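A structural walkthrough
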Protein chains: 2
Amino acid sequence: MSTIKDVAKYTGLSIATISKYINGGNVLEENRVIIKEAIEKLDYRRNEMARGLKTNKTMTIGILIPSLENIFFTSIVSIIEDHLSKEGYGTIICDFREDADLEQVKLEFLVNKNIDGIIMVSYGADQKYIKALQDKQVPVILLDRMLRGLECDCVLADNLNASYQAVEALITRQHKRIGIILGPEETYTAEERSRGYIRVHEDYDVRIDNALMVSTDYTVEGGYKALSDLWNKPDRPSAVMVTNYEMTIGAIMAINDLNIRVPDELSIIGFDNIQMSKVVRPPLSIVEQPMKEIGMTAAKLLVKRLKGDYDSFPATYRLKTNIYIKESVAKFQG
Amino acid sequence: MSTIKDVAKYTGLSIATISKYINGGNVLEENRVIIKEAIEKLDYRRNEMARGLKTNKTMTIGILIPSLENIFFTSIVSIIEDHLSKEGYGTIICDFREDADLEQVKLEFLVNKNIDGIIMVSYGADQKYIKALQDKQVPVILLDRMLRGLECDCVLADNLNASYQAVEALITRQHKRIGIILGPEETYTAEERSRGYIRVHEDYDVRIDNALMVSTDYTVEGGYKALSDLWNKPDRPSAVMVTNYEMTIGAIMAINDLNIRVPDELSIIGFDNIQMSKVVRPPLSIVEQPMKEIGMTAAKLLVKRLKGDYDSFPATYRLKTNIYIKESVAKFQG
DNA sequence: TTTTGAGAGCGAAACGTTTCGCGCTGGAGG
DNA sequence: CCTCCAGCGCGAAACGTTTCGCTCTCAAAA
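Residues numbered from 1 in each chain as written. Chains lettered and ligands numbered in written order. Predicted model: local features only at pLDDT ≥ 70, side-chain atom pairs only at ≥ 80, totals over all residues. Heavy atoms only, no water.

**Considerations on the packing of aromatic side chains**
Residue and element names in this part refer to chain A. Taken as a whole, this structure holds six aromatic pairs over all chains when the rule is applied. Between the aromatic rings of Phe96 and Tyr123, the centroid separation amounts to 5.3 Å while the plane-to-plane angle is 80°, which identifies the pairing as edge-to-face. Here Tyr123 lies in the loop between strand E3 (117–120) and helix H7 (127–135) and Phe96 lies in the loop between strand E2 (90–95) and helix H6 (100–112), a separation of 27 residues in the sequence. Phe96 gets classed as buried once you look at its relative accessible area, which sits at 0%. Residue class for Tyr123 comes out partly exposed when judged on its relative accessible area of 28%. For the pair Tyr310 and Phe313, a centre-to-centre distance of 5.8 Å together with 65° between the ring planes defines the contact as edge-to-face. The ring centre of Trp231 lies 3.7 Å from the NZ or CZ of Arg236, which sits over that ring. (Phe/Tyr/Trp six-rings, centres within 6.5 Å; stacked < 30°, edge-to-face > 60°. Helix = DSSP H or I, 4+ residues; strand = E, 2+ residues; numbered from the N terminus. Buried < 20%, exposed > 50% of the residue type's maximum accessible area, 1.4 Å probe, protein only. Lys NZ or Arg CZ within 6 Å of the ring centre and 35° of its normal.)

Encoded structure:
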C-alpha cells in the first residue's frame, strides 16, 4: 500500500502539497497533472485512520435499531445508508434485539468506535449517555420515538393522527365498539397512538370501553394473544386496529385460527407493511408510515448537524402517515 | 477526552506500561490497581484510530447485501452483527439495491474504509477486486451464492436439495405438471434450484415441460407475472413452487387476483419466510433456508480467517434447508 | 525601478497508539 | 557471596496524515 510519502517522492513535491491536492486545495495545474498520474500509478489511497487521527473524525455514523428483522426499521436504514454513503460516511449498524440492556451495550460499543454521529431508535437508553454524546458535539438523531425530558433532534411519524384517522374511518362506518392493540404502555409511540384513539372517540362522542384498549409488546405473539383476547370477550368489538407490523401479523394469524370472517364479523386495520395488504384475503386496510421520508429526513438532518449547523435545535419532524382502506373494513351491520 | 498519556501521568508509570495493561500484558498487581483506578477516574477510552494506525486494523467488517428490505438477508446480517460485535468488530453494512453497478461502488466504498474483512452477497462484482482483497490478506466470505471461477470461502443453503425436496413432495402427491418460478438464469442460486427440479423429475421419471420452468427476476412483480403466465397457459400446471420470498409474495397476490382456489386448483410451495405460512389461507407450504445457521457459520468462519487460520481454504458450507408442507399442497386429483 | 502581495510549495510538529530493545530488580541456584 | 534469569518497566521510534507558519517567486501596481 502506498502512502502520501510515496506520491511525494514520485512527483518530487512535498507531502504537504500532496495533502493539499487531495483535500482540494490550490495546486498548480502542472503539478495537479503529475500528482494525479502518481496517485493512479501507485494506486494510492488515503489512509482513513491516519486522517482520522489528525482530524478526529471517523467518517462513520452509528445506527442503532431494535431489530434488523423488522422491515419498518430496515427500510428506513436502507435510505439512510444510501444517503450517508454518498456523503462519504460509513454506517455501523447495530441491532439490540428489542432488549434495553443490550441497547445500552451496543450504544457504548458504537461510542467506543468513535462515531461522528448517531441515529437511533431508543427503547430507554441511559439519557446521560446521550447527553454526554451531545456535549461532545456528536449529533444524535432519535428515530420513531422521542425520549421524555431530553432535548434531541427527532424524526417520527405523526402517530396521533395515524390512529386518529384509522379509528375515524371505522367510526364513520358506524362502528361503536372498536378495539385497539397497542404496544407497551411506557413507550412513546404507544402512548401517542392511544391518544389518537381517545381523541377521535371524544370528537365523535363515542363512548370508550377501556377493555377494548389492550397493551402488549410489539411482537407477533403479542398481537396474536391480544386479538384472541378481544375476540373472546363477552362483548366483543366489531372492529380492531393494530398498531404495528409484527402485531398485525399476529392478529391475522389469530383471525385465521379462530376462523373469524373478515369483514363480516370483524373489520380490521393493520400497520406498516403495504405489501401485506395484498397478500391476505380480503385485502387488508393499512396505515403506512412514510419510511422513505423518515429515513431521508433523518439523514439530511444529521448531515446538517455534522456540518455544524445547529439551526432550530432541537428539531422535531413529525411526518404524515398514509391510510389505505381496503375490503377488510366494512360498514357495521347493527 | 483523556489519552494514554494522561493515564501515564496520573499513575506515574510510562505510556508503554499502560499500553501493556490495556492489551492484557503482564503488569504488577499493584500497578494494575492504580491503572484501573486512573482509567476509570479519567474516563479513558482507547482511541481506535491511533490504534488502527499502528496495527493496521480497523476492527471493522464490511457487509454487502443486495437489499436491506429483504428479510432473508437482514436475518442473516442480524446474527452476523451480533456475533462480530461480541468479538469487538463493528460492521459497516451496505445495501446495493439489487444493482450490480452500485454493488461495485459500494464495494469500493467499503474497501476505502479499510475494512478488516468482508462478508458479501455478490451479484457480479468485479472478481479482480475481490482477488485484490484476498491478496491483501483481507478475508472475503461469500454468502448465498458462489462466484464462478473464484477461490473463495462461501456459506450458502443447499439449494439443489431444497428444490429437489419441494418438488419431490409434489411428485409423490401425484402431480405431473409442476411449475417452478426461478430467479434470473445467470444467477448461481437460480441455476442450482433449477438443477434440483430437473434431477427429481429424472429420478422419478417424470417428463419435464420446459414451458413450466419460468425465469424472472427475484422481485414481487416478477413473481406476480410469472404465476399469472403459468396460470394462463393452455396446459397449466397443477402445482407450482416459488424460489424466493419476494416472488412468493407476488405469486400469492396473483393467486388472489385470479381467484385461484388453493389447493384445489393449484398446489403451491413458497420460500424463505416461515411467518408467511401462517398469515395466508390456506397455510402456505414453505421451504425455509437456515438463516441463523448461515449467519453464524459465516461469522465464525470470518473470525477464524481474521485470526490467520486459513485451514481448508477455500471452504464451502452448504447448509440444509427445512421444508414445511402445509395445506397449500394437496394430492393431485386427476 | 522598486514595492507589494497573492499564490504556491515546504518543513516540521502533532494526533494517540504499539512495539522493539534495553535496563533494572530481586530471588533462586550454585 | 556471586551469577543468572525472569519479570517488569521505560524511552523512543514509527504508523500516515493534516496543518501552521514560513519562504520563494512573479506579476501588477506605484
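On we go from here.
**Some words on the relation of the copies chain A and chain B**
With an axial shift of 0.1 Å and an RMSD of 0.1 Å, the rotation relating chain A to chain B amounts to 180°. Accordingly, the operation relating the two chain copies is best matched by a two-fold axis. Across chain A, the rotation axis passes nearest the C-alpha of A:Ile92, at a separation of 2.2 Å. A high fraction, 100%, of the interface residues of chain A reappear at the interface in chain B, so the copies pair face to face through one surface. (Least-squares fit on C-alpha atoms with pLDDT ≥ 70 in both. Contact = heavy atoms within 4.5 Å.)

**A word on the interface of chain A and chain B**
At the junction of the two partners, chain A supplies 56 residues and chain B supplies 56 residues. For the pair chain A and chain B, the summed buried surface comes to about 4800 Å²; carbon and sulfur atoms form 52% of the total. There are eight salt bridges connecting chain A and chain B. As a salt-bridge pair, B:Lys292 and A:Glu69 come within 3.0 Å of each other at their nearest N and O atoms. Applying the counting rule to chain A against chain B returns 30 residue pairs in polar contact (both at pLDDT 80 or more). For the side of chain A that touches chain B, the elements supplying multiple residues, two or more each, are helix H4 (48–55), helix H5 (71–86), E2, H6, helix H11 (245–257) and helix H12 (276–279) of chain A. Across the side of chain A that touches chain B, the residue classes tally to 26 nonpolar, 15 polar and 15 charged. (Buried area = accessible area lost by both parts, 1.4 Å probe. Salt bridge = Lys/Arg side-chain N within 4 Å of Asp/Glu carboxyl O. Polar contact = N/O pair within 3.5 Å; in protein donor to acceptor, adjacent residues only side chain to side chain. Nonpolar A, V, L, I, M, F, W, Y, C, P; charged D, E, K, R; others polar.)

**Some thoughts on the protein's contact with DNA strand C**
Taken together, the neighbourhood of DNA strand C is formed by 27 residues, with A:Ser14, A:Thr17, A:Asn31, B:Ile4 and B:Ser19 sitting nearest. Near-protein atoms of DNA strand C (within 4 Å) split between backbone and bases, with sugar and phosphate holding 67%. In the model, a phosphate oxygen of DNA strand C is placed 2.6 Å from a nitrogen or oxygen of the A:Ser14 main chain. Listed by contribution, the elements that provide at least two residues to the surface near DNA strand C are helix H2 (15–22) and H4 of chain A together with helix H2 (15–22) and helix H4 (48–55) of chain B. Counting residues per element, the surface near DNA strand C draws most heavily on H4(B), which supplies five residues. Among the residues forming the surface near DNA strand C, the class breakdown is eleven nonpolar, ten polar and six charged. (Near = heavy atom within 4 Å.)

**Digging into the side chain of B:Asn159**
Following the sequence through the fold, B:Asn159 ends up in helix H8 (residues 159–171). Sequence-distant contacts of B:Asn159, defined by excluding residues within four places in its chain, comprise B:Asp144, B:Thr189, B:Glu192, B:Arg193 and B:Gln289.

**Some remarks on the nonpolar core**
Membership of the largest hydrophobic core comes to 96 residues, with the highest contact counts inside it found for A:Ile181, A:Leu227, A:Met276, B:Ile181, B:Leu227 and B:Met276. Membership of the second largest hydrophobic core comes to 54 residues, among which are A:Leu68, A:Phe72, A:Ala157 and B:Ile93. (Core = buried A, V, L, I, M, F, W, Y, C linked by side-chain atoms within 4.5 Å.)

**A look at the sheet that holds strand E7 (residues 213–215) of chain B**
Residue and element names in this part refer to chain B. In spatial order, the strands read E7-E6-E8-E9-E10-E12; together these six strands make up an open sheet with mixed pairing. Edge strands, defined here as strands with exactly one partner in the open sheet, are E7 and strand E12 (322–324). The sheet shows a mean angle of 15° between the axes of neighbouring strands, taken without regard to direction. With three bridges connecting them, strand E8 (residues 239–242) and strand E9 (residues 267–271) associate as parallel partners. Residue pairing for E9: Val240 is matched across the bridge by Ile268. Sheet strands in contact with H8 are strand E6 (178–182), E8, E9, strand E10 (285–288) and E12, and its direction is about 165° off that of E8. (Pairing = 2+ DSSP bridges. Axes fitted to C-alpha atoms, helices over the stretch in contact; angles between N-to-C directions.)

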